[in-house]
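Here's the letter readout for the chains.
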Amino acid sequence: DLTCFARVVTFLQGDALSDLRGHGDDGLFKMLGATLGAADVALATLAPRPDGADAESRILAWDLANAARVSRPYLDDVLDADVRMRVAAGLEGLEQLLASPEYVGGADLLQTGS
């Protein structure tokens, strides 16, 4: 029995918001902020899961802050030893970044306090 695990990312044509820093339309960022704020308010009233797990205790596989924890158990499934070592090094680097005092969090993993 062969089990496969993959994280799939879809590319959408257009400009990344990170490329618009300092060049973007203030209205776009205000609208984005208002939309994210409304989503945050709506999610705050989300009913608890029937199994009793709350958001703080769940490990969400899509949350990049959990990428190393979620992916590490599958390292042995990477057949190419070179690729496996590079993936392991990348996961280690991500864990170090997330644990560093300079990391300020949020959706942008490249943003640091320096």
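Here the structure is a predicted model, which is why all the values come from computation and not from measurement.

Colleague: How should I be thinking about the overall build of the protein in this particular structure?
Modeller: Secondary structure summary: the protein contains 3 helices and 0 strands in total. Ordered by position from the N terminus, the helices and strands of the protein form the series α-α-α. The burial tally for the protein puts 12% of its 114 residues in the buried class. A separation threshold of at least 6 residues defines the contact pool for the protein, and within that pool the share at least 24 residues apart is 30%.

Colleague: Sorry if this is basic, but what is going on with the pattern of salt bridges here?
Modeller: For side chains bearing opposite charge, pairing can occur when the charged atoms are close. Applying the stated rule across the entire model yields 1 salt bridge. Across the salt bridge formed by Arg72 and Glu95, the nearest N and O atoms sit 2.7 Å from each other. Taken together, the positions of Arg72 in the loop between helix H2 (67-71) and helix H3 (81-99) and Glu95 in helix H3 put the pair 23 residues apart, joining distant regions of the chain. Judged by its relative accessible area of 31%, Arg72 is partly exposed.

Colleague: What is the right way to read a nonpolar patch on the surface from this model?
Modeller: A grouping of Leu17, Phe29, Leu32 and Leu36 is seen on the molecular surface, where their side chains present a nonpolar patch of about 330 Å² in accessible area. Following the sequence through the fold, Leu36 ends up in helix H1 (residues 26-44).

Colleague: Can you help me understand the confidence of the model for the protein in this one?
Modeller: Should pLDDT be low for a region, the predicted coordinates there are not to be read in detail. Scored by pLDDT, the protein has a mean of 76; 75% of the residues are at 70 or more. The least confident element of the protein, judged by mean pLDDT, is H1 at 84; the most confident is H3 at 90. In this model, residues 107-114 is a region of pLDDT below 50 whose contacts with residues beyond four sequence positions or in other chains number 14 contacts.

Colleague: Would you take a moment to explain the environment of Leu91 for this structure?
Modeller: By the element assignment, Leu91 lies in helix H3. Among the residues examined, Leu91 registers a relative accessible area of 9% and is labelled buried. Considering only alpha carbons, one finds Leu91 and Arg69, 22 residues apart in sequence, at a separation of 8.6 Å. When neighbours within four sequence positions are excluded, Leu91 is seen to be in contact with Ala67, Ala68, Ser71, Arg72 and Leu75.

Colleague: What should I look at first to understand the environment of Ser71 in this one?
Modeller: Mapped onto the secondary structure, Ser71 falls in helix H2. Taking relative accessible area as the criterion, Ser71 reaches 18% and is therefore assigned buried. Taking C-alpha positions, Ser71 is 8.1 Å from Leu91, a pair spaced 20 residues apart along the chain.

Colleague: Is there a simple way to think about the environment of Val87 in this case?
Modeller: Among the secondary structure elements, Val87 is positioned in helix H3. For Val87, a relative accessible area of 35% translates into the label partly exposed.

Colleague: Explanation requested: the side chain of Asn66 in the structure shown.
Modeller: Relative to the assigned elements, Asn66 resides in the loop between H1 and H2. Since its relative accessible area comes to 10%, Asn66 is described here as buried. Among all residues touching Asn66, those that are not within four sequence positions of it are Ile59 and Leu60.

Parameters and conventions
Residues numbered from 1 in each chain as written. Predicted model: local features only at pLDDT ≥ 70, side-chain atom pairs only at ≥ 80, totals over all residues. Heavy atoms only, no water. Helix = DSSP H or I, 4+ residues; strand = E, 2+ residues; numbered from the N terminus. Buried < 20%, exposed > 50% of the residue type's maximum accessible area, 1.4 Å probe, protein only. Contact = heavy atoms within 4.5 Å. Salt bridge = Lys/Arg side-chain N within 4 Å of Asp/Glu carboxyl O. Patch = residues over 30% accessible without salt bridge, like charges linked within 9 Å, V, L, I, M, F, W, Y side chains within 5 Å. Areas by Shrake-Rupley, 256 points an atom, 1.4 Å probe, with all protein chains shown as cover. pLDDT = per-residue confidence, 0-100.

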